[in-house]
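Examining the three-dimensional arrangement
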Amino acid sequence: MAEELKQIADMVTANTIFCTKEVLTSDEAAKYMGISKSYLYKLTMKQQIPHFKPMGKMCYFNRLELEQWLQSNRVATEAEISQKAQSFCMKGGIR
């Protein structure tokens, strides 16, 4: 029972850190985004994800920039696409 409470306390502490800490290490960033560390490194090597290398080796990530990156390239729902198509047709379409 005591071990289970300790595990729960550790999980709560870890989640609190993710929500309050602005700069994340590679391990923290990978956990935060739910991806493997190797995939995170692949994204940094291809310069597809914003990161910082203050001393040229270790990578650090701004939590807010990660959230923005995760929410980029949004895919529209069927309803949104249908609404756009209907609006386009109402305007007369392509002439």
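Everything that follows concerns the structure shown earlier in this document.
With that out of the way, let us pick up the overall build of the protein chain. Helices and strands together make up the secondary structure of the protein chain, namely five helices and two strands. Here the protein chain has a C-alpha radius of gyration of 21 Å; the compact-globule value for 95 residues is 12 Å, and the former is much larger. With respect to the three principal axes, the spread of C-alpha positions in the protein chain is 70 × 45 × 20 Å. A burial count over the protein chain gives 16% of its 95 residues as buried. In the protein chain, the share of contacts with a sequence separation of at least 24, taken over all contacts with a separation of at least 6, comes to 38%. A total of about 7,900 Å² of accessible surface is found on the protein chain, and carbon and sulfur atoms cover 58% of it. Taking the average place of the 13 positive charges on the side chains of the protein chain and the average place of its 10 negative ones, the gap between the two points comes to 12 Å.

Structurally, Ser26 is set in helix H2 (residues 26-33). Residue classification places Ser26 among the buried residues on the basis of a relative accessible area of 7%.

Time to look at the pattern of salt bridges. Under the criterion given, the structure shown has four salt bridges. The salt bridge partner of Lys21 is Glu28, with a shortest N-O separation of 2.8 Å. Where Arg74 meets Glu80, a salt bridge forms, and the shortest distance between an N and an O atom there is 3.1 Å. Residue Glu80 is classed as partly exposed on the basis of its relative accessible area of 32%.

Moving on, we come to helix H3 (residues 37-45). Residues spaced three or four apart along an α-helix point in a common direction, a consequence of the helix completing one turn every 3.6 residues. Residues Leu40, Leu43 and Thr44 constitute the buried set of H3. Down the axis of H3, the sector holding all buried residues measures 100 degrees, keeping them to one side. Turned more than 90 degrees from where H3 packs its buried face, Ser38 and Met45 sit exposed. Those residues of H3 hidden inside the fold are in contact with H2, strand E2 (60-62) and helix H4 (63-70).

Every buried residue of H2 is listed here: Ser26, Glu28, Ala29, Ala30 and Met33. Following H2 by one or two positions, Gly34 adopts a phi angle in the positive range, close to 75 degrees.

Now for the environment of Ile49. Looking at where Ile49 falls in the secondary structure, it is placed in the loop between H3 and E2. Separated by 20 residues in the primary sequence, Ile49 and Trp69 place their C-alpha atoms 7.1 Å from one another. Excluding its chain neighbours within four sequence positions, the residues that come into contact with Ile49 are Met33, Leu40, Leu43, Thr44, Phe61, Leu66 and Trp69.

About the thresholds
- Residue positions within a chain follow its written sequence, with the count starting from 1.
- Predicted model: local features are reported for residues with pLDDT of at least 70 only, side-chain atom pairs are reported and counted for 80 or more only, and whole-chain, interface and lining totals are derived from all residues.
- Water and hydrogen atoms were dropped before computing side-chain values, which therefore reflect all heavy atoms in the structure.
- Per the convention used, a helix needs a DSSP run of H or I reaching at least four residues, while a strand needs a run of E reaching at least two, with both numbered from the N terminus.
- Only C-alpha atoms enter the radius of gyration; for comparison, a globular chain is expected to reach 2.2 Å times N to the power 0.38, where N is the number of residues.
- Accessibility here uses a 1.4 Å probe with only protein chains present; expressed as a share of the type maximum, an area under 20% marks a residue as buried, one over 50% as exposed, and anything in between as partly exposed.
- The contact criterion used is simple: two residues touch if any of their non-hydrogen atoms lie within 4.5 Å.
- Working definition of accessibility: Shrake-Rupley area with a 1.4 Å probe, residue cover restricted to the visible protein chains.
- Counting rule for charge: Lys and Arg are taken as positive, Asp and Glu as negative, and neither His nor the chain ends is counted.
- Charged side chains are reduced to one point each, which is NZ for Lys, CZ for Arg, CG for Asp and CD for Glu.
- Salt bridges, as used here, are contacts in which a Lys or Arg side-chain nitrogen is within 4 Å of a carboxyl oxygen on Asp or Glu.
- As used here, the arc is the angular range of directions from the helix axis to the C-beta atoms.

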